[in-house]
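Coordinates in review
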Amino acid sequence: MPVAASAIYFLNLRGDVLINRLYRDDVGGNMVDAFRTHIMQTKELGTCPVRQIGCCSFLYMRISNVYIVIVVSSNANVACAFKFVVEAVALFKSYFGGAFDEDAIRNNFVLIYELLDEIMDFGYPQNLSPEILKLYITQEGVRSPFSSKSSDKPVPNATLQVTGAVGWRREGLVYKKNEVFLDIVESVNLLMSSKGSVLRCDVTGKILMKCFLSGMPDLKLGLNDKIGLEKEAQLKSRPTKSGKTIELDDVTFHQCVNLTRFNSEKTVSFVPPDGEFELMKYRITEGVNLPFRVLPTIKELGRTRMEINVKVKSVFGAKMFALGVVVKVPVPKQTAKASFQTTSGKAKYNASIDSLVWKIRKFPGQTEATMSAEVELISTMGEKKSWNRPPIQMEFQVPMFTASGLRVRFLKVWEKSGYNTVEWVRYITRAGSYEIRC
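What counts, and where the lines are drawn
- Residues numbered from 1 in each chain as written.
- Predicted model: local features only at pLDDT ≥ 70, side-chain atom pairs only at ≥ 80, totals over all residues.
- Heavy atoms only, no water.
- Helix = DSSP H or I, 4+ residues; strand = E, 2+ residues; numbered from the N terminus.
- Expected span 1.5 Å × (residues − 1).
- Buried < 20%, exposed > 50% of the residue type's maximum accessible area, 1.4 Å probe, protein only.
- Polar contact = N/O pair within 3.5 Å; in protein donor to acceptor, adjacent residues only side chain to side chain.
- Core = buried A, V, L, I, M, F, W, Y, C linked by side-chain atoms within 4.5 Å.
- Contact = heavy atoms within 4.5 Å.
- Patch = residues over 30% accessible without salt bridge, like charges linked within 9 Å, V, L, I, M, F, W, Y side chains within 5 Å.
- Areas by Shrake-Rupley, 256 points an atom, 1.4 Å probe, with all protein chains shown as cover.
- Salt bridge = Lys/Arg side-chain N within 4 Å of Asp/Glu carboxyl O.
- Axes fitted to C-alpha atoms, helices over the stretch in contact; angles between N-to-C directions.
- Parallel < 35°, antiparallel > 145°, perpendicular 65-115°, else oblique.
- Left-handed = near helix turned anticlockwise from the far one by under 90°.

Attention now moves to helix 2 (residues 78-96). Spanning 19 residues, helix 2 covers 27 Å between terminal C-alpha atoms, matching the ideal 27 Å at 1.5 Å per step. Among the residues of helix 2, A81, F82, F84, V85, A88, V89, L91, F92, S94, Y95 and F96 are the ones counted as buried. Measuring from the side-chain oxygen of the N-cap residue of helix 2 to the backbone nitrogen of A79 gives 3.1 Å; that N-cap residue is N77.

With 62 residues, the main nonpolar core has I207, M209, L221, F270, L279, F292 and I308 as its most contacted residues. Residues within four places of I207 in sequence aside, it is in contact with L182, D183, I184, L221, L223, F277, E278, L279, M280 and Y282. Core analysis: the second largest hydrophobic core is formed by 35 residues, I63, V89, I112 and L116 among them.

The next thing to look at is a nonpolar patch on the surface. A surface patch of nonpolar side chains, about 260 Å² in accessible area, is lined by F109, V110 and Y113. When you line up the elements, V110 lands in helix 4 (residues 109-119).

With that settled, the discussion passes to the packing of helix 2 against helix 4. In the contact formed by helix 2 and helix 4, the axes pass within 12 Å of each other and the chain directions differ by 140 degrees. Regarding the angle of helix 2 to helix 4, the classification is oblique. When you trace helix 2 past helix 4, the crossing you get is right-handed. Every residue of helix 4 that contacts helix 2 at F84, A88, L91, F92, Y95 and F96 is listed here: L111, I112, L115, L116 and I119.

Below, the structure written as structure tokens:
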């Protein structure tokens, strides 16, 4: 559920109330005394930002020399409350010239009360965008002599924005060339056994966009996700096309996405912000296409020698290639030196991280590379301790490849003036936590 805040308090480090606002009558005006007595005076401020005293919960955060305390009497969304505090502080700073402290609050009592009435209604957060609020709260704050001059620009013709319909984009934008850039960036997380079996694997991805479009365009993005394709086939009364479909988990969208249309049609429709933004994030746990397979072999020859062989196979298409491939093979701390033989790239011993580091600048698809190393260890007089082998780690970046198999089926741009647009789509897969046990 939302925040449903009963009250908000601004306190200094001594616990004095600088300013407060009661939004509901389910808490008393003296609730701040409980916070001061049970939390501030017991020096438990740094232990947990959420404390329950009696039937009320106190959510607090320190900004500069001010404590912002939200009091709730129900089971509220804590993450939403702290998000509200961060956004509110950014709003205050935009009015105060970049400063937010006890002096800034004392110098701007009237303005803060007016803003608190706008950004929260009956305990529920409202619009906190500085660009929009400055359209109808035109009073300027008292600026600190050390604050920088505000660079905020007024937003013209923002009737829709004031109502909250499109608060992330201003009207009147004009570009000579209308372009849309879309990047699908994925990180592969893998834990593989020494025999090549996958112990844990998932993909976290995000869709990044950069829009330079005139007017107020409406964009529609189609992906090859299973639910979206099935819904499209159902609406058009035709069978689903054959081809790989994927199931997206834990999807989160930018606020510009029309969730009502997504729930009914399963398509991503939105009026984009101007410039760069993150459209959505997702996770994939099934059907992951691993870009590399690593086959390590480590032999301990007595107390002073080791033989290490690592074979890396690229599984992606032959026309693709990986960039910046780095393989880190852990070795014991008593390693003295190492000699290498590689079929591609260069390898060296890095004593600071106790690893053999093998670097390949460009790794073509459907190929393999091997590294052989002879490691000499320093002989110790004491009893030999068993070496707990840490996993091999990989770093890489594969352009035009997605480990999840996600693809853009279409990206449509509609604007009432009917101008032509140029769409650019790029895919990038990177290593997240890519580990192989030895």
